[in-house]
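# Summary of structural features
Each chain, written out:
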Amino acid sequence: MVTLAEVAQHAGVSASTVSYVLSGKRSISASTRERVELSIQQLGYHPNAGARALASSRSNIIALMVPLRTDMYVPVMMEIAIAVATSARTHGYDVLLLTGEEGPAAVRRIAGSSLADAMILMDVELHDERLPLLRDSGRTAVLIGLPADTSGLTCVDLDFEATGALCVDHLAGLGHREVAVIGEAAAVYERHTGFAERTVDGIRAKAQDAGVRILHRPCEGGYAAMAGTLARIFDERPGTTGFIVQNEAAVEPLLNLLQQQGRAVPEDVSVVAVCPDQVATQASVRLTSVAIPAQEMGRRSVEQVVAKLGGRGTDEVDLLEPVLTVRASSGPAPV
């Protein structure tokens, strides 16, 4: 294993000069810096992580807080997490993954130690109990999600209000006036999870403008739960011709149940989903959908963290514009 002393000897400088080049604590001439960096590259030198952290007061680690709950669609969460880890690595950072439902305790643990230089928080609730401590800590942080109060915070997310509105606009343009929304599990709304609440807000606001009647029903997902939810929807609103689905586990059971009832998609009923493209394209009927840009959300969150650590970032809300892709599951409302 190459040592710092060997790098110094190869570059023809002192060991302290190599250390200063690595830490950036002192100004080093451009020619000397280039010579040291060339020696580091040629010898394949990798600084000891512990020593580097002590020397620079940096760990080069980003803590990613992603509670893995049974009522959330884990593949999307993990796709975002992988995007964070991949992007962080390109900037020279590793990722510490915290998957427990620790709430403020996890923030306190990171903020009160040198475990990580910054935090990225996922599964953000409208009134997230982690945020007061996060604000007080003064630690660099980015949220993948949008709380009710974004002051003093940096947030990255899909614009879920615009997403909900886009789904309604598409169905209204096809003549649908009775639309049911099959949402996430009830617990997601009970926690006031930001993305779910904002989607429904966007749906309701646009529906009111477009003269569309909306019936929103949470669903646990799975065949039995979907069967009960669908029966209640048609009991309450027998004229329903459009569905907006924000629950990946409910997609295929819904399509199967509609087929069993003799309701053809899209001739009798149209279905629009908010889900990953993979779910939409692999469904038994290719779904018109708004995709979840998981990789872009992960990448942008890391870029915000790196900018803030470098003194270039500002507190801002970065909302990704939704894109609706029309496929086989939506068509004109039946006459």
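Conventions and cut-offs
- Residues numbered from 1 in each chain as written.
- Predicted model: local features only at pLDDT ≥ 70, side-chain atom pairs only at ≥ 80, totals over all residues.
- Heavy atoms only, no water.
- Helix = DSSP H or I, 4+ residues; strand = E, 2+ residues; numbered from the N terminus.
- Buried < 20%, exposed > 50% of the residue type's maximum accessible area, 1.4 Å probe, protein only.
- Contact = heavy atoms within 4.5 Å.
- Domains from an automatic or database assignment.
- Buried area = accessible area lost by both parts, 1.4 Å probe.
- Salt bridge = Lys/Arg side-chain N within 4 Å of Asp/Glu carboxyl O.
- Nonpolar A, V, L, I, M, F, W, Y, C, P; charged D, E, K, R; others polar.
- Core = buried A, V, L, I, M, F, W, Y, C linked by side-chain atoms within 4.5 Å.
- Pairing = 2+ DSSP bridges.
- Right-handed = clockwise from strand over helix to strand, strands pointing away.
- Axes fitted to C-alpha atoms, helices over the stretch in contact; angles between N-to-C directions.

An unreviewed UniProt entry annotates the protein as Transcriptional regulator, LacI family originating from Streptomyces pratensis.

For the rest of this paragraph, the subject is the environment of Ala 291. On the secondary structure map, Ala 291 appears in the loop between strand 10 (288-290) and helix 14 (294-309). Residue Ala 291 is classed as partly exposed on the basis of its relative accessible area of 23%. Taking the C-alpha atoms as reference, Ala 291 lies 5.3 Å from Cys 275; in sequence the two are 16 residues apart. With sequence-adjacent residues up to four places away left out, Ala 291 is seen in contact with Leu 158, Cys 275, Asp 277 and Val 323.

Moving on to the domain arrangement of the protein. Taken domain by domain, the protein holds domain 1 (4-47), domain 2 (61-158 + 294-320) and domain 3 (160-292). The centre of domain 2, based on its C-alpha atoms, is set 29 Å off from the matching centre of domain 3. Of the residues lining the interface, 16 residues belong to domain 2; the matching set on domain 3 comes to 18 residues. For the pair domain 2 and domain 3, the summed buried area comes to about 1400 Å², and 60% of that belongs to carbon and sulfur atoms. Between the two partners, domain 2 and domain 3, sit two salt bridges. One salt bridge connects Glu 125 with Arg 191, and the closest N-O pair in it is separated by 3.8 Å. Of the residues assigned to the side of domain 2 that touches domain 3, the class counts are eleven nonpolar, no polar and five charged.

Judged by nonpolar contacts, the single largest core of 47 residues is most densely connected at Ile 80, Ile 120 and Ile 244. Looking at this core, you find at least three residues from each of domain 2 (61-158 + 294-320) and domain 3 (160-292). Among residues more than four places away in sequence, those in contact with Ile 120 are Ile 62, Ala 63, Leu 64, Met 65, Val 84, Val 142, Ile 144, Ser 301, Val 302 and Val 305. Of all hydrophobic cores here, the second largest spans 25 residues; its members include Ala 180, Cys 219, Ala 250 and Ala 273.

A few words now on the pairing of strand 9 (residues 270-274). Taken across its five residues, strand 9 has five buried, putting it largely inside the fold. The alternating pattern of strand 9 places Ser 270, Val 272 and Val 274 on one face and Val 271 and Ala 273 on the opposite face, and all of these are buried. Here strand 8 (residues 242-245) runs beside strand 9; their pairing, made up of four bridges, is parallel. Paired with Val 245 across the bridge in strand 9 is Ala 273. Where strand 9 meets strand 10, three bridges bridge the pair, whose relative direction is parallel. Following the sheet pairing, Ala 273 is matched in strand 10 by Ser 289. In this view, the connection linking strand 9 to its parallel neighbour strand 10 by way of helix 13 (residues 277-282) has right-handed handedness.

If you trace the six strands from one edge of the open sheet to the other, you get 2-1-3-4-5-11, paired in parallel fashion. For this open sheet the edge positions go to strand 2 (94-98) and strand 11 (317-320), each flanked by a neighbour on one side alone. Across this sheet, the average inter-strand angle for adjacent strands is 20 degrees, counted without regard to direction. The pairing of strand 1 (residues 61-65) with strand 3 (residues 118-121) spans four bridges and is classified as parallel. Bridged to Met 65 within strand 3 is Leu 121. In the packing of helix 14 onto the sheet, the strands contacted are strand 1, strand 3, strand 4 (140-144), strand 5 (155-158) and strand 11, and the crossing angle to strand 4 comes to about 165 degrees.

Counted by the stated rule, this structure contains 19 salt bridges. Across the pair Glu 102 and Arg 109 runs a salt bridge whose closest N-O atoms are separated by 2.8 Å. Taking the relative accessible area as the measure of exposure, Glu 102 reaches 33% and is therefore partly exposed. In this structure, Arg 299 engages Glu 303 in a salt bridge whose closest nitrogen and oxygen atoms are separated by 2.4 Å. Note that Arg 299 and Glu 303 are positioned in helix 14 at a spacing of four residues, about one turn of the helix. Because the salt bridges share partners, they merge into one network encompassing Arg 69, Asp 71, Asp 123, Glu 125 and Arg 191.

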